Amino acid sequence: MICSTRLGFSTRLLGYRRRNLSTACMDDVLFEVKNDVGIVTLNRPKALNALNTSMVVKIKPKLKEYESLVRMVIIQGAGGKAFCAGGDVKSITENGPGAKSLEIGKNFFRYEYSMDSIIGKSKIPYVSLIDGITMGGGVGISVHGKYRVATERTLFAMPETAIGLFCDVGASHVLSRMDKHLGVMLGLTGCRLKGSDVAKAGIATHYVHSSKIDGLRAKLIEDVRDPGTVLAENTDDLDAVEFTMAPFVEKIDSIFSHERVEAIVDALRTDGSEWAQGMLKMLSEVSPTGLKITRKEILKGKNLSLDECLLMEHRLAYRSVEAKYSTDFYEGVRALLIDKDRNPKWCPASLEEVKDDIIDKYFEPLSNDEELQLS
């Protein structure tokens, strides 16, 4: 099976252009300007550059500021191992369900989703160098920008159902628009894509070997032409490279087109192939509640704008942290990231026990003061 188991304007502008101002805003995220290019470096290499509240609070206003000060933004991860492995969910759940966790969680998700919205509406080119692990929140901070450059070290996944959550950071917008229901499969199973497959699936717009990534970044900074032209001239042509999931695309399109997760499971059982058995194994290990929320959000996301998807996902995130209907988010993080016993006790424990009326409640509007506000 080919799949393994997120001042005044003029004064400031002249200052940036004359001095190539370089600033570091604390250690977890660095900001620098070179030749009118804003460079954002996620700088938590020991944590695989996972996003925390401190980082998103700093990045959001900086991206707004850059729109009127620079000609392009480049975002990258420090350390050579990961672009960004996701959001720092341990910091949200470590206190268990309750008011403290809800306050931490809602603040993090509010800033993160607002940041993703800004990226999606950026008036200047936004280039993500997704060299290394790119999961969850790392997808959100890259995929909504105009250009995404993958390498052979890129490892993409949306693994949220494995921690009792759902695919967020605008994934309902992105996954719902992928061809052949590939996005549904990726969102439900957390299946990983590597290297050139990330570009073949449309998640990355360009591909280059990691040995050339430093040179590519230098050319993007030095060359004042449109970055699309620079990228086209300095990245690899993948026309002759086969998508490793190509043999399964038609099966994916047929099986994962079903609107109910139970029907997807039934279709996989009927198929009975080694590939289908692998898919069933992945689905059996993740949160049944997370599966049903994810399938429904992708269905709805197909007809929504990015901001509308983020508004919907914020409601889902709030209710997941609130844990009124299920504590799966806390249990999933405990099992995979804290105790690491990899033995989560999902509640409800089966798809049949997850009732549609409860899933519907996750999608209901919040009170006015709790709804996500996007500018």
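Residues numbered from 1 in each chain as written. Predicted model: local features only at pLDDT ≥ 70, side-chain atom pairs only at ≥ 80, totals over all residues. Heavy atoms only, no water.

Colleague: Honestly, the pairing of strand β4 (residues 72-77) in this entry has me stumped. Any pointers?
Modeller: Residues in a regular strand point their side chains to alternate faces of the sheet. The buried fraction of β4 is high, at 5 of 6 residues. Where strand β3 (residues 37-42) lies against β4, 6 bridges are found, and the strand directions are parallel. Residue pairing for β4: Ile 39 is matched across the bridge by Ile 74. You can see the chain leave β3, run along helix α2 (residues 53-67) and come back into β4, and the turn it takes is right-handed. The pairing of β4 with strand β6 (residues 126-130) spans 3 bridges and is classified as parallel. If you follow Ile 75 over to β6, its bridge partner there is Ser 128. (Buried < 20%, exposed > 50% of the residue type's maximum accessible area, 1.4 Å probe, protein only. Helix = DSSP H or I, 4+ residues; strand = E, 2+ residues; numbered from the N terminus. Pairing = 2+ DSSP bridges. Right-handed = clockwise from strand over helix to strand, strands pointing away.)

Colleague: Sorry if this is basic, but what is going on with the packing of aromatic side chains here?
Modeller: In this description, an aromatic ring pair is defined by two values, namely the gap between the centres and the angle between the planes. Applying the stated criterion across every chain, the model contains 5 aromatic pairs. Ring geometry for Phe 248 against Trp 275: centres 5.8 Å apart, planes inclined by 10°, an arrangement best described as stacked. Taken together, the residues Phe 248 in the loop between α10 (227-234) and α11 (249-255) and Trp 275 in helix α13 (residues 274-285) connect sequence positions 27 residues apart. Residue classification places Trp 275 among the buried positions, given a relative accessible area of 3%. (Phe/Tyr/Trp six-rings, centres within 6.5 Å; stacked < 30°, edge-to-face > 60°.)

Colleague: What's the story with a positive patch on the surface in this structure? I'm lost.
Modeller: The grouping of Lys 90, Arg 192, Lys 194, Lys 340 and Arg 342 at the surface amounts to a positive patch. Along the chain, the position of Lys 90 falls in helix α3 (residues 90-93). (Patch = residues over 30% accessible without salt bridge, like charges linked within 9 Å, V, L, I, M, F, W, Y side chains within 5 Å. Areas by Shrake-Rupley, 256 points an atom, 1.4 Å probe, with all protein chains shown as cover. Salt bridge = Lys/Arg side-chain N within 4 Å of Asp/Glu carboxyl O. Lys, Arg positive; Asp, Glu negative; His and termini not counted. Charge placed at Lys NZ, Arg CZ, Asp CG, Glu CD.)

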